[in-house]
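Descriptive structure summary
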Amino acid sequence: MKYTFVSLFPELIEPYFQFSILAKAKAKGILEFAFVNPRNFTTNRHLKVDDYKIGGGAGLLLQTQPLYDCLTHIKNQDANVHFIFLLPCAKTFKQVDAKRLCEKDHICFVSSRYEGLDERIVEEFANEIFSIGDFILTGGELASLVMSDAISRNIKGVLGNSESLNEESFENDLLEAPSFSKPFIFEKENKKFYVPSEFLKGNHAKITALKTTLASCKTKYFRPDLYQKHERKF
């Protein structure tokens, strides 16, 4: 999988992939990262990339020309690139999208800045548009990192143990069941914290059943909308 990040501030994105799981996937050749700055495509001698909105309104927009030429350059290098724009007006990115998009060969994330970008650029280039929630960020860089991380985890070979994907939140419309690590009894400040006894008995069928019950209770409490969706299937 190749990721290309289009941003005025690629230095905000690049360090994230120098550590941990994604850095190892890069070293193995599973993931590839490229960073492209629209400022390098401007024809303005002052390297200006923003301008006022036509029709008035607060704030500035990314200029059309630098971004158009930038994305055209990327598309000319790879006609199959999948352009994803990060905009607050779009549908919310979900785990099902991460699992679907991990099958792509090349995804290009386009991050806006200021008050956004010219709608004509979106109409011309966007294959998909996503938001990561009903809130406003100063730019799309964080959203592109969130999405690329979520997508990458579903690519074969990225995780050390791919079986861990099967028990994660949002599989079967349930949140992940609570997890516990050693010691079995944790003592601190005259308090004892116990692991559910069923987890210690080695009966995997009963452990699985308990995890399902706990996942159901957790989902019902934290995400009743997701729980109702799960219930409708049965």
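Quick note: structure is the one above.
Small disclaimer: the values here were computed from a predicted structure and weren't measured.

About the thresholds
- Residues numbered from 1 in each chain as written.
- Predicted model: local features only at pLDDT ≥ 70, side-chain atom pairs only at ≥ 80, totals over all residues.
- Heavy atoms only, no water.
- Buried < 20%, exposed > 50% of the residue type's maximum accessible area, 1.4 Å probe, protein only.
- Helix = DSSP H or I, 4+ residues; strand = E, 2+ residues; numbered from the N terminus.
- Pairing = 2+ DSSP bridges.
- Right-handed = clockwise from strand over helix to strand, strands pointing away.
- Polar contact = N/O pair within 3.5 Å; in protein donor to acceptor, adjacent residues only side chain to side chain.
- Contact = heavy atoms within 4.5 Å.

**Structural notes on the pairing of strand 6 (residues 106-111)**
In terms of residue burial, strand 6 counts as a mostly covered element, since 6 of its 6 residues are buried. Residues His106, Cys108 and Val110 point to one face of strand 6 and Ile107, Phe109 and Ser111 to the other, with burial holding for every one of them. Across 5 bridges, the pairing between strand 1 (residues 2-6) and strand 6 is parallel. By the bridge assignment, Tyr3 is partnered in strand 6 with Ile107. One ladder, built from 5 bridges, connects strand 5 (residues 82-92) with strand 6; its direction is parallel. Directly across from Leu86, in strand 6, lies its bridge partner Ser111. The handedness of the strand 5 to strand 6 crossover, carried by helix 3 (residues 95-101), is right-handed.

**Things to note about the side chain of Thr42**
Positionally, Thr42 belongs in the loop between strand 2 (32-36) and strand 3 (50-52). A relative accessible area of 13% places Thr42 in the buried class. Engagement of the side chain of Thr42 in a polar contact is seen with the backbone oxygen of Lys48, the distance being 3.2 Å. Setting aside its immediate chain neighbours within four residues, Thr42 contacts Leu47, Lys48, Val49, Gln65 and Pro66.

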